[in-house]
Amino acid sequence: MEKTESQHRNDIIDICKRIHANGWVASNDGNVSVKIGPNTILCTPTGMSKGYLTTDQLIKVNLDGEQIDGFLKPSSEIKMHLDVYKNKEDVNAVVHAHPPYATGFAVAGIPLDQCVMPEIIIGLGSIPLTEFGTPSTMEIPQNIRPYLKNYSVFLLENHGALSIGEDVFKAYYRMESLELFAKISFIARLLGNVNILSEEEVKKVIKVREQFGLDTKNYPGCRIDGKIIRTADNNSDDNFNLSGESKNKIGDQKIEVTRDMLVEIITAVVKNVLKLKS
């Protein structure tokens, strides 16, 4: 049974309050939209805190970004949402926020694409890092577009995160999974080791995913060193080695530091830890 516009409005406000309560947005950050018709998008307005929005403050626009209804102005980043709707079928909701751990990886230029946690391998596959684009311009949509076919969650370089879904709750839950994975990955790195699953282990997890009947055609898989694992089939061409250029795009860059620089970094970290304990 299809939802009414009133129900969609309530859903958006629900998600806005959740992302605000989670600390994923500050001030007027973030934006949420839902496709409620073939050419009608319901979205959050610009310049408003997501924690205090009301249903009557939401805006309706068409796929060209022209305002249909509402007394406020639509989000300045609506271009990002509209481009997703135009370029990927079956997407009916988009959530953009700045969850701290995920955004930390986006600022550090590190994609979350390694084969680490079964839940992420099954649910998302991996999370790419899209190139930086100037906010409120077509640069961000254009940089997201190459990843739309296979991915449903994206790290936006030096910006934040974007998630999409069949409905607004699916889009939100995907961002929730992203942020928890980013937090766990960050803690593992602090502890000194991220334990990457073996290819055999990953294929077993993907086999479970396939048994769940989840989409395999546009599944991105995850990375073990320079190899992408997308299927449990040992003979499939879907599992492939990356070229040197592709490796660099997904986080295999080598960073060289001198001994003095390393000592300085470690000293700064220790000082911060001691301050937190004092």
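The structure we're discussing is the one just above.
Since this is a predicted model, take the numbers as computed values, not measurements. (Residues numbered from 1 in each chain as written. Predicted model: local features only at pLDDT ≥ 70, side-chain atom pairs only at ≥ 80, totals over all residues. Heavy atoms only, no water.)

Participant: Is there a simple way to think about the overall build of the protein in this case?
Facilitator: In terms of helices and strands, the protein carries nine helices and 11 strands. Across the 278 residues of the protein, 44% fall into the buried class. As displayed, the protein offers around 15000 Å² of accessible surface, 51% of which is attributable to carbon and sulfur atoms. (Helix = DSSP H or I, 4+ residues; strand = E, 2+ residues; numbered from the N terminus. Buried < 20%, exposed > 50% of the residue type's maximum accessible area, 1.4 Å probe, protein only. Areas by Shrake-Rupley, 256 points an atom, 1.4 Å probe, with all protein chains shown as cover.)

Participant: Explanation requested: empty space enclosed by the protein in the structure shown.
Facilitator: Where empty space is left in the structure can be found by rolling a water-sized probe over the atoms. The full count for this structure, using the stated rule, is three cavities of 30 Å³ or more. If you add up the space inside the largest cavity, you get close to 70 Å³. Together, F105, P111, L112, D113, Q114, V116, F181, S185, R189 and V194 line the largest cavity. Looking at the lining of the largest cavity element by element, the count peaks at three residues for helix α6 (residues 168–191). (1 Å grid on protein atoms, 1.4 Å probe; cavity = no way out; pocket = protein on both sides within 12 Å on 5 of 7 lines; lining within 4 Å. Points joined across faces, edges and corners; volume = space filled by probe spheres on them.)

Participant: Just to check I follow, could you spell out the state of the cysteines for this structure?
Facilitator: Working definition of a disulfide: a covalent bond connecting the sulfur atoms of two cysteines. Evaluation of the coordinates by the stated rule reveals one disulfide. For C115, the disulfide goes to C222, at an S-S distance of 2.1 Å. Handedness here is read from the sign of the S-S torsion; for C115 and C222, about 105 degrees, the answer is right-handed. With C115 in the loop between α3 (100–108) and α4 (118–123) and C222 in strand β9 (residues 222–224), this residue pair connects regions lying 107 residues apart in the sequence. A relative accessible area of 0% places C115 in the buried class. For C222, a relative accessible area of 0% gives the class buried. (Disulfide = S-S within 2.5 Å.)

Participant: Where do I start with the environment of G23 in this structure?
Facilitator: Within the fold, G23 resides in the loop between α1 (5–21) and β1 (31–37). Among the residues examined, G23 registers a relative accessible area of 39% and is labelled partly exposed.

Participant: Would you mind showing me how to read α3 here?
Facilitator: Every α-helical turn comprises 3.6 residues, leaving residues that sit three or four positions apart pointing alike. By the burial criterion, the buried members of α3 are A102, T103, F105 and A106. Axial view of α3: buried residues confined to an arc of 155 degrees, hence all on one face. Its buried side turned inward, α3 meets β6 (129–130), β7 (153–156), β8 (160–165) and α6. After α3 finishes, the residue G109 shows a positive phi value of roughly 75 degrees. (Arc of directions from axis to C-beta. Contact = heavy atoms within 4.5 Å.)

Participant: Would you explain a nonpolar patch on the surface in this entry?
Facilitator: Taken together, the side chains of F186, I187, L190 and L191 define a hydrophobic patch exposed on the protein surface, amounting to about 440 Å² of accessible area. Mapped onto the elements of the fold, L191 is located in helix α6. (Patch = residues over 30% accessible without salt bridge, like charges linked within 9 Å, V, L, I, M, F, W, Y side chains within 5 Å. Salt bridge = Lys/Arg side-chain N within 4 Å of Asp/Glu carboxyl O.)

Participant: Honestly, the pattern of salt bridges in this entry has me stumped. Any pointers?
Facilitator: If charged atoms from side chains of opposite charge come close, those side chains can pair. One pass over the full model with this rule turns up 12 salt bridges. The partner of D83 in a salt bridge is R145, with the nearest N and O atoms 2.9 Å apart. Taken together, the positions of D83 in helix α2 (residues 78–87) and R145 in the loop between α5 (139–144) and β7 put the pair 62 residues apart, joining distant regions of the chain. With a relative accessible area of 8%, D83 lands in the buried category. For R145, a relative accessible area of 34% corresponds to the partly exposed category. The residue R223 makes a salt bridge to D113 at a minimum N-O spacing of 3.1 Å.

Participant: Which parts of the structure should I look at to understand unusual backbone geometry?
Facilitator: With glycine set apart, most residues show a phi of negative sign, and most peptide bonds adopt trans. Here S27, not a glycine, exhibits a phi torsion of approximately 55 degrees, which is positive. Summarising the element assignment, S27 is placed in the loop between α1 and β1. Notably, D90 is not glycine yet its phi reads approximately 65 degrees, a positive angle. With respect to the helices and strands, D90 occurs in the loop between α2 and β5 (93–97). Owing to a relative accessible area of 62%, D90 belongs among the exposed residues under this scheme.

Participant: How do you make sense of the side chain of Q57 when you look at a structure like this?
Facilitator: Within the fold, Q57 resides in the loop between β2 (40–43) and β3 (59–61). Its relative accessible area of 15% is what places Q57 among the buried residues. Reaching out from Q57, the side chain makes a polar contact with the backbone nitrogen of T54 at a distance of 3.0 Å. Setting aside its immediate chain neighbours within four residues, Q57 contacts P45, M48, Y52, F71 and L72. (Polar contact = N/O pair within 3.5 Å; in protein donor to acceptor, adjacent residues only side chain to side chain.)

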